[in-house]
Amino acid sequence: METRRIVDRGVKYILFISAMISIVIVFLIALFIFREGVEAFNTVGVRTMLFGKVWRPGQEQYGILAMILGSILVTIGAIVLGVPLAIGGAIFLAEVAPEGIQAVVRPAIQLLAGIPSVVYGLFGMVVLVPLVRKIPVPGNSGFGLLAASIVLAVMILPTIASIAEDAIRAVPQSYRQGSLALGATHWQTIVNVIMPAARSGIIAAIILGVGRALGETMAMIMVIGNSVLMPSPMTNNPLTLFLRQARTLTGNIAVEISYATGVHESTLFATGVVLFVLIMVVNISARFVMRERQAIH
Amino acid sequence: MMSDNKTIEIQHENILLQQKKSNLSLRHATQSAFFTILWIGGIITVLILLAVTGYVIFQGFKAIDLQFLITPPRGGLSGEGGISTTIGTTLYLVLLTIAIATPLGVGAAIFLVEYASDNNISSRFLKGMIGFSHFGVETLAGIPSIIFGLFGYALFVSTMKFGFSLLSASLAGACLVLPVIIRTTEEALLAVPRSYREGSLALGATKWQTIRKVVLPASLPGIITGIILSVGRVVSETAVFYVTLGGSYRMPKSIMSSGRTMALHLYYLAMDTRAFEKAMGTGAILILSIILINLLINFLSRRLTAGLRGVQ
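Values in this document were obtained by computation on a predicted structure and should not be read as measured data. (Residues numbered from 1 in each chain as written. Chains lettered and ligands numbered in written order. Predicted model: local features only at pLDDT ≥ 70, side-chain atom pairs only at ≥ 80, totals over all residues.)

### Description of the confidence of the model for chain B
One rule of thumb: low pLDDT means the predicted coordinates there are not for detailed reading. Formally: pLDDT runs from 0 to 100 and stands for how confident the predictor is about each residue. Each helix is a run of DSSP H or I of at least 4 residues and each strand a run of E of at least 2, with the numbering of both proceeding from the N terminus.
Summing up the model confidence of chain B, the mean pLDDT is 87 and the portion of residues at 70 or higher is 89%. Predicted confidence in chain B is weakest over helix α1 (residues 2-21) of chain B, with a mean pLDDT of 65, and strongest over helix α7 (residues 166-190) of chain B, with 95.

Here is the structure:
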């Protein structure tokens, strides 16, 4: 056999090995996070960890419920604030905006998706937190769920807007033409034809936004205050809940990993396991919704 | 298709119903009202995004001068000094990460596009592995960065005893950017017309010769786009390096040295020393580098599409 044929064969196997690297890494990540977290689940107990309300590593109390709630609340806040703007922006870009504006706005959104999260965190610390502090509620420090939700809303806006815009653009022209030909206005076409047709893509965009929000770390540490107490309203008004300081699952890992040892360190990996499982559920449901959409078209 | 037709029919009925209720001018009034809202929404979105970057760049420029760029941070409690060593560390880390991730990512993409789609892959085992590989790429792309950090901390820092070092950080960072490189390279390879490959194979070249001499050169701008995207990810990433890189503000002497990137430096300045002015300066430099990276990507992708159009 000629050398070039042998080379051809050899290269194929080398490439095969590099193609397997991604699944190997996923496997290794799962293995290491679970292996290091298992000690915590065994000594502390899964239920005590997940539903324990007190996090005091010094006294061997390792409940992460407050962090789970922190992550969920800040994500809800970001979705409530960010999704209407993101979807509106997507409709605007795909259907309403003139070419010239699209040509400027789309690269701008692409750019903003790439800005480091610490920059958003810094903006939050310097500009947003002092603004939030002005809300007259006793004990309001400015740092907390509200400031974190706003920062996170801005951070997930580009992600959701660009995926939703793609979904709207993917609706076949014939749908639009059909609706317009029936005498519907452009707006009626958007509401009654285009949005229903793009629905699954838009839902997937929101779910991916949720995934990003749950996974965000540094910007959250910078503005959320990092208190480990269970979040609760500060006055009779339940909305003051969002003025509370809190801590996210991601923040819990990043803040404490540098000095944690023994069981404490293991609980941080267990926190990682909880986060990993949450994110996997979110991502798989997004993929499921996306696949449904492909089946339709 | 069936259900779609049905929904269209239902929507058609809805429209007809609405038409009975409303007259044309009312419908147009509704439309202009909502379009105005959309315009306002669009403008607000852009303004918010401009406000964040504009504020940081504007405030940051007050702190930036040549001294800021060429003096090392002194690590004092007020964040004295400049950012020279953090620029150096960032470049060092970017080079290392890309050097690790590119061969693996491009290799994986070549296999997934050029070999895995072959009809003559009959082995069920191989097909299964390829499915797994795709699943791996998709999963990696969705994992939050702090998990990569945790993984890097457990495997590279502790188990393999690399310590908090550029090596640990770049290995963890390579895992983070791998899906980016694989996906963009896959797209670039798929964009190369079939006829290129057929022409080369018809001339008697082997598959690998065809890939190396024909397919890869044709898809190069796309592959480079993926690499530059990864550079952007590494420059802006913080969480992974926060738990693997250590955070020393000195210039790293070897790949076993600890260090801090610009993004990490910003974090330490803001959180540990509350030196917001210097942090803004660092942030402005970061945003400018991201803008530069984006311009490069846009330039390259325009060249890529122009090149392929010119050929066809």
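Next comes the rest of the write-up.
### As for helix α10 (residues 249-256) of chain A
As a reminder of what qualifies: Each residue is classed by its C-beta neighbour count within 10 Å, where at least 20 other C-beta atoms makes it buried, 12 or fewer makes it exposed, and intermediate counts make it partly exposed; the C-beta atoms are placed from backbone geometry.
For α10(A), the tally of buried residues reaches 6 of 8 residues, placing the bulk of the element in the interior. Those residues of α10(A) lying buried are Leu249(A), Thr250(A), Gly251(A), Asn252(A), Ile253(A) and Ala254(A).

### Overview of unusual backbone geometry
Although it is not a glycine, Asn226(A) adopts a positive phi angle of roughly 65°. The topology assignment puts Asn226(A) in the loop between α9 (218-224) and α10. Despite not being glycine, Arg274(B) shows a phi value in the positive range, around 55°. When you line up the elements, Arg274(B) lands in the loop between α11 (262-273) and α12 (276-311). On the basis of neighbour count, Arg274(B) is assigned to the exposed category, with 12 C-beta atoms found within 10 Å.

### Regarding the nonpolar core
Rules: Linking buried Ala, Val, Leu, Ile, Met, Phe, Trp, Tyr and Cys residues through C-beta atoms within 7 Å yields a set, and such a set is a nonpolar core. Per the annotation, domain bounds derive from an automatic or database assignment of domains. Think of it this way: build a C-beta for each residue from its backbone, and any pair within 7 Å is a contact.
Within the largest apolar cluster, 189 residues are counted, with the highest numbers of intra-cluster contacts made by Leu122(A), Val151(A), Ala164(A) and Val223(A). The element best represented in this core is helix α6 (residues 145-169) of chain A, accounting for 18 residues. Two domains each put at least three residues into this core: domain 1 (2-63) and domain 2 (69-311) of chain B. When neighbours within four sequence positions are excluded, Val151(A) is seen to be in contact with Tyr120(A), Gly121(A), Gly124(A), Leu128(A), Ala219(A) and Val223(A).

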